[in-house]
Amino acid sequence: MAVYFISGIDTDAGKSIVTGVIARTLLSQGVKVITQKFIQTGCTGISEDILKHRELMEVELYEADKDGTTCPYVMTYPASPHLAAEIDGVHIDVKRIHQSTEKLVSQYDVVLLEGAGGLYVPITRGYLTIDYIQEYKHPLILVSSSKLGSINHTLMSLELCRLRGIDVRYVIYNDFPNDSEIIKNDSVMVIRQYLQEHFPDCQLLELPVLGEESRRAELHIQW
């Protein structure tokens, strides 16, 4: 049984795409896998990120999606979870999220738990996403990107994980938007050098921009 927490270096790093592609890859290998969304803001009903996962996985919605197991908290306001919850009058209990994960773990080989934004996104006024990852000891898949500034955000995120003793299994470099091949290649080199020094067991994988030629891209993780 394996649970991976998928976080990004910031908002819109590509976590949902990466989560869906990893799930699709595992499905193609015959692995019984499901995705879960930590907390969803800015929508109603079924989590829009769960819908994106299922689209990429090319599967219909599961009963666990319809009954809320795969996303225990959905808030309407597009903001950080702590603020969205306050606006909607919702009390976030992280144990409820963990219980949903445990329920999924009892039915699937792999659970891919996608976070909301980056590692320091507040869940409540006194509890951060990184606190949850540390408390429940989930191995981390960190999503980086080719946006300008990604070196800074990636290395800071990794340094935080190093200080907290978090097990970073993979860094996924998302090629989107790939505005500069020169910047992308250098960023990958810098991140790889950091990982070799501080996280030698962590693998750096690259996700190409998903166009017509690469829409069947795969991301292979060892679970």
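The structure under discussion appears in the preceding block.
Everything quoted here is computed from the prediction, not taken from an experiment.

J.: Can you walk me through the sheet that holds strand β9 (residues 168–174) in this structure?
T.: Backbone hydrogen bonds hold the strands of a sheet together, and the pairing may be parallel or antiparallel. Here six strands make up an open sheet; going across it, the order is β2-β5-β1-β8-β9-β10 and the pairing parallel. The open sheet is flanked by β2 (33–37) and β10 (203–207), the only strands paired with a single partner. Within the sheet, the average angular offset between the axes of one strand and its neighbour, ignoring direction, is 25 degrees. Packing of helix α2 (residues 48–57) onto the sheet brings it into contact with β2 and β5 (110–118), and relative to β2 it is tilted by some 155 degrees.

J.: Just checking my understanding: could you explain the layout of surface pockets for this structure?
T.: Over the atoms, a rolling probe the size of a water molecule traces out where space has been left empty. A volume near 560 Å³ is recorded for the largest pocket. Along the wall of the largest pocket there are 27 residues; nearest its centre are T11, D12, K15, S16 and D49. Mapped by element, the contributors of at least two residues to the lining of the largest pocket are α1 (15–28), β3 (40–41), α2 and β5. Residues that form the lining of the largest pocket fall into these classes: twelve nonpolar, eight polar and seven charged.

J.: Would you explain the nonpolar core in this entry?
T.: Soluble, globular proteins show a tendency: their nonpolar side chains are buried together. If you look at the biggest cluster of nonpolar residues, it comprises 65 residues, and the most contacted ones within it are I22, L112, Y132, L140 and V171. Beyond its immediate stretch of four places on either side in the chain, L140 contacts F5, S7, L119, I133, C161, I166, D167, V168, R169 and Y170.

J.: Honestly, the environment of K103 in this entry has me stumped. Any pointers?
T.: Residue placement: K103 occurs in helix α5 (residues 94–105). Each C-alpha atom of the pair K103 and A64 lies 9.6 Å from the other, and the pair is 39 residues apart in sequence. In this structure, K103 is in contact with D67 and T69, ignoring residues within four places of it in sequence.

J.: How should I be thinking about the state of the cysteines in this particular structure?
T.: Disulfides are covalent bonds that connect the sulfur atoms of two cysteines. Taken as a whole and assessed by the stated rule, the structure comprises zero disulfides. C43 takes part in no disulfide bond, and the closest cysteine sulfur to it belongs to C71, at a distance of 7.2 Å.

J.: Looking at this structure, how should I read the packing of α1 against α2?
T.: Packed helix pairs are specified by the crossing angle of their axes together with the interaxial distance, meaning the distance between the axes. Look at α1 against α2: their axes get within 8 Å of each other, and the N-to-C directions meet at 40 degrees. Classed by the angle they form, the pair α1 and α2 counts as oblique. Every pair of crossing elements has a handedness; the one defined by α1 and α2 is right-handed. Contacts between α1 and α2 involve S16, I17, T19, G20, V21, A23, R24 and L27 on the former and, on the latter, D49, K52, H53, L56 and M57. Its residues placed into classes, the contact of α1 with α2 shows six nonpolar, four polar and three charged.

J.: Would you mind going over α1 with me for this structure?
T.: A turn of α-helix holds 3.6 residues, and therefore any two residues three or four places apart point the same way. Compared with the 20 Å implied by 1.5 Å per residue over 14 residues, the 20 Å span of α1 between its first and last C-alpha is a close match. Within α1, eleven of the 14 residues are buried, which leaves it mostly tucked inside the rest of the structure. Every buried residue of α1 is accounted for by K15, S16, V18, T19, G20, V21, I22, A23, R24, T25 and L26. Of the residues trailing α1, G30 is marked for its positive phi of about 85 degrees.

J.: Help me understand the environment of V90 in this model?
T.: Locating V90 in the fold gives a position in the loop between α4 (81–88) and α5. The spacing of V90 and K147 is 57 residues in sequence and 34 Å in space, taken between C-alpha atoms. Residue contacts for V90: discarding those within four places in its chain leaves Y73, M75 and A85.

J.: Looking at this model, I keep getting lost on the environment of L205. Mind explaining?
T.: Looking at the element boundaries, L205 is found in strand β10. For the pair L205 and V188, spaced 17 residues apart in sequence, the C-alpha separation works out to 9.5 Å.

Rules and cut-offs
- Residues numbered from 1 in each chain as written.
- Predicted model: local features only at pLDDT ≥ 70, side-chain atom pairs only at ≥ 80, totals over all residues.
- Heavy atoms only, no water.
- Pairing = 2+ DSSP bridges.
- Helix = DSSP H or I, 4+ residues; strand = E, 2+ residues; numbered from the N terminus.
- Axes fitted to C-alpha atoms, helices over the stretch in contact; angles between N-to-C directions.
- Contact = heavy atoms within 4.5 Å.
- 1 Å grid on protein atoms, 1.4 Å probe; cavity = no way out; pocket = protein on both sides within 12 Å on 5 of 7 lines; lining within 4 Å.
- Points joined across faces, edges and corners; volume = space filled by probe spheres on them.
- Nonpolar A, V, L, I, M, F, W, Y, C, P; charged D, E, K, R; others polar.
- Core = buried A, V, L, I, M, F, W, Y, C linked by side-chain atoms within 4.5 Å.
- Buried < 20%, exposed > 50% of the residue type's maximum accessible area, 1.4 Å probe, protein only.
- Disulfide = S-S within 2.5 Å.
- Parallel < 35°, antiparallel > 145°, perpendicular 65-115°, else oblique.
- Left-handed = near helix turned anticlockwise from the far one by under 90°.
- Expected span 1.5 Å × (residues − 1).

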